[in-house]
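The chain contents come next:
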Amino acid sequence: RPLGPAAPGAGEAAASVVQVTRHVRSFFQANRYLISDLVDAVRSLAAPGTVVDLYAGVGLFAVACAASRRDEVVAVEGDGTSARDLAEMGRLRDH
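Residues numbered from 1 in each chain as written. Predicted model: local features only at pLDDT ≥ 70, side-chain atom pairs only at ≥ 80, totals over all residues. Heavy atoms only, no water.

K.L.:
Is there a simple way to think about the side chain of D53 in this case?
P.N.:
One can find D53 in strand 1 (residues 51–54). Engagement of the side chain of D53 in a polar contact is seen with the backbone nitrogen of A62, the distance being 3.2 Å. With residues up to four places along the chain from it excluded, the contact list for D53 reads F61, A62, V74, A75 and V76. (Helix = DSSP H or I, 4+ residues; strand = E, 2+ residues; numbered from the N terminus. Polar contact = N/O pair within 3.5 Å; in protein donor to acceptor, adjacent residues only side chain to side chain. Contact = heavy atoms within 4.5 Å.)

Right, dumping it as structure tokens:
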């Protein structure tokens, strides 16, 4: 489902849709039914300023925060497969 604006008072941006593609071996949230709720919770709880997503996996939360027009989002991932997907998500987001 479309992901709504970040936090109350964070702007009246229209709902954004974040499409995530990933390799089957990359880390991703296991319960697909909770993904929208998890993303909404992270975006609403993130304080203003830079967001750092440690153990980012394919970048679900980082990309969602970036789509919310955050000042800066830093995503860190150590697994090679997930990191490649994360880099691709960032590349797609920047275009």
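K.L.:
Explain helix 1 (residues 35–45) here, please?
P.N.:
Note that an α-helix has 3.6 residues per turn; residues three or four places apart therefore point the same way. Looking at helix 1, one finds that the buried residues are I35, S36, V39 and R43. Along helix 1, the residues classed as buried sweep out an arc of 95° about the axis, all on the same side. (Buried < 20%, exposed > 50% of the residue type's maximum accessible area, 1.4 Å probe, protein only. Arc of directions from axis to C-beta.)

K.L.:
Mind showing me how you'd approach the packing of helix 1 against helix 2 (residues 60–67) here?
P.N.:
Any two packed helices are characterised by how steeply their axes cross, that is the angle between the axes, and by the distance between the axes. Where helix 1 contacts helix 2, the two axes come as close as 10 Å, and the packing angle between them is 60°. With respect to helix 2, the element helix 1 is oriented oblique. In the packing of helix 1 onto helix 2, the handedness of the crossing is right-handed. Residue-level inspection shows I35, L38, V39, V42 and R43 of helix 1 in contact with helix 2, the latter providing L60, F61, A64 and C65. (Axes fitted to C-alpha atoms, helices over the stretch in contact; angles between N-to-C directions. Parallel < 35°, antiparallel > 145°, perpendicular 65-115°, else oblique. Left-handed = near helix turned anticlockwise from the far one by under 90°.)

K.L.:
Sorry, what's going on with the pattern of salt bridges here?
P.N.:
A side chain of one charge can pair with a side chain of the opposite charge when the charged atoms of the two come close. The final tally for this structure, using the stated rule, is 1 salt bridge. The closest approach of N and O atoms between R43 and D40, which form a salt bridge, is 3.9 Å. Taken together, the residues R43 and D40, both in helix 1 and 3 residues apart, mark about one turn of the helix. Judged by relative accessible area, which is 1%, R43 ranks as buried. (Salt bridge = Lys/Arg side-chain N within 4 Å of Asp/Glu carboxyl O.)

K.L.:
Would you mind going over the nonpolar core with me for this structure?
P.N.:
The biggest cluster of nonpolar side chains holds 7 residues, and these are F28, I35, V39, V58, L60, F61 and A64. When contributions to this core are tallied by element, the ones reaching two or more residues are helix 1 and helix 2. Among the elements that take part in this core, helix 2 stands out by supplying 3 residues, more than any other. (Core = buried A, V, L, I, M, F, W, Y, C linked by side-chain atoms within 4.5 Å.)

K.L.:
Whenever I open this one, unusual backbone geometry confuses me. Can you help?
P.N.:
As a rule of thumb, non-glycine residues mostly have phi less than zero, and peptide bonds are mostly trans rather than cis. In this model, Y55 sits at a positive phi of 55°, which is unusual for a non-glycine residue. Looking at the secondary structure, you find Y55 in the loop between strand 1 and helix 2. Given the relative accessible area of 73%, Y55 is considered exposed.

K.L.:
Teacher, can you tell me more about the pairing of strand 2 (residues 73–76) here?
P.N.:
It is a general feature of regular strands that their side chains alternate between the two faces of the sheet. As judged from the 4 bridges shared by strand 1 and strand 2, these two strands associate in the parallel manner. Residue pairing across strands places V52 opposite V74, the latter belonging to strand 2. (Pairing = 2+ DSSP bridges.)

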